[in-house]
Structures are given as structure tokens and as C-alpha cells.
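Chain by chain, the residues run as shown.
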Amino acid sequence: VKHWQYAAMQGHPESRDNLGCCEYLNGNDELAVRHLMISAKMGDDDSLNEIKDMFMKGHATKAQYAEALKGYQNALEETKSPQREEAKKIQWK
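Please read all numbers here as calculations on a predicted model, not as lab measurements.

Chemist: Residue-level account of the pattern of salt bridges, with values.
Modeler: Applying the stated criterion across every chain yields a total of 3 salt bridges. In this structure, the salt-bridge partner of Glu30 is Arg34, at a minimum N-O distance of 3.8 Å. Linking Glu30 with Arg34, this pair stays in helix 3 (residues 29–40), spanning 4 residues, or about one helical turn. Relative accessible area serves as the criterion here: at 61%, Glu30 is assigned to the exposed category.

Right under this line is the structure:
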């Protein structure tokens, strides 16, 4: 867990997701949502899905899920560029 905490503080979204999942399993829903929200806003789809699952089970609010979804979509938009789209076309030929 210490390594995940360190990596999360350095901006590693998967580590932040792992911390969120650990907190959720330990019953700390509020802290879990905070961790997952950060990584979802960094574009981590696993975190977005975790928040969705928490919402469906009543452990997160609709507003929290909506915020995570919007942040995730914004992160994806920020990573789009004509050069990346061109590279995707070339990669799959």
C-alpha cells in the first residue's frame, strides 16, 4: 500500500485506483470515492467503472458518478490530437 500511496502522489492513476479499491473493500466508501474520482478525472476507465458500481450499489451518489463521468470525458478530450488520430490509423494497417 505504501508504494501505491507514493505512486498516487506522483500522479499514477492506476495506483490511485488501487487505493480506492482497497478503501472500498475496507468499508471506507467516502475515501474510496475520493481516490477513484481523482483517477477517473485522469482518464482511468477502471476507476470510472468502480464509481459506477458503487453508485449502483448505493455507496456513491448520482452527483459523484456524474462528476466522475464528466471528468473522465474531459481527460479523454484533452488527449485527443490530429497526430494521435493519424498514428492510430497507421498503427492498425
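Back to the write-up after that little detour.
Chemist: Quick one: what's the story with the packing of aromatic side chains, residue by residue and with numbers?
Modeler: Summed over all chains, the structure comprises 1 aromatic pair. Measuring from ring centre to ring centre gives 5.9 Å for Phe55 and Tyr65, while their planes differ by 5°; the resulting arrangement is stacked. Of this pair, Phe55 sits in helix 4 (residues 45–56) while Tyr65 sits in helix 5 (residues 62–78), and the two are 10 residues apart along the sequence. By relative accessible area, which is 27% here, Phe55 ends up partly exposed.

Chemist: Outline the environment of Asp29, listing residues and values.
Modeler: Positionally, Asp29 belongs in helix 3. Residue Asp29 is classed as partly exposed on the basis of its relative accessible area of 22%. For the pair Asp29 and Ile90, spaced 61 residues apart in sequence, the C-alpha to C-alpha distance is 43 Å. Every residue in contact with Asp29, bar those within four places of it in the chain, is listed here: Tyr24, Met54 and His59.

Chemist: Describe helix 2 (residues 13–25), listing the residues and the values that go with them.
Modeler: With 13 residues, helix 2 should cover 18 Å at 1.5 Å per step; its first-to-last C-alpha distance of 18 Å lies within 8% of that length. What helix 2 keeps buried is the set Ser15, Arg16, Asp17, Leu19, Gly20, Glu23 and Tyr24. Looking at the packing, one finds that the buried side of helix 2 touches helix 1 (2–9), helix 3 and helix 4. Following helix 2 by one or two positions, Gly27 adopts a phi angle in the positive range, close to 85°.

Chemist: Which residues make up the packing of helix 4 against helix 5, and what values do they have?
Modeler: Packed helix pairs are specified by the crossing angle of their axes together with the interaxial distance, meaning the distance between the axes. Running from N to C, helix 4 and helix 5 cross one another at 165°; their axes reach a closest spacing of 9 Å. In terms of orientation, helix 4 and helix 5 fall into the roughly antiparallel class. Helix 4 and helix 5 meet at a crossing whose hand is left-handed. When helix 4 is examined against helix 5, the residues Asp45, Leu48, Ile51, Lys52 and Phe55 are found in contact with a partner set consisting of Lys62, Gln64, Tyr65, Ala68, Leu69 and Tyr72. Here the contact of helix 4 with helix 5 is built from residues that sort into 7 nonpolar, 1 polar and 3 charged.

Cut-offs and rules
Residues numbered from 1 in each chain as written. Predicted model: local features only at pLDDT ≥ 70, side-chain atom pairs only at ≥ 80, totals over all residues. Heavy atoms only, no water. Salt bridge = Lys/Arg side-chain N within 4 Å of Asp/Glu carboxyl O. Helix = DSSP H or I, 4+ residues; strand = E, 2+ residues; numbered from the N terminus. Buried < 20%, exposed > 50% of the residue type's maximum accessible area, 1.4 Å probe, protein only. Phe/Tyr/Trp six-rings, centres within 6.5 Å; stacked < 30°, edge-to-face > 60°. Contact = heavy atoms within 4.5 Å. Expected span 1.5 Å × (residues − 1). Axes fitted to C-alpha atoms, helices over the stretch in contact; angles between N-to-C directions. Parallel < 35°, antiparallel > 145°, perpendicular 65-115°, else oblique. Left-handed = near helix turned anticlockwise from the far one by under 90°. Nonpolar A, V, L, I, M, F, W, Y, C, P; charged D, E, K, R; others polar.

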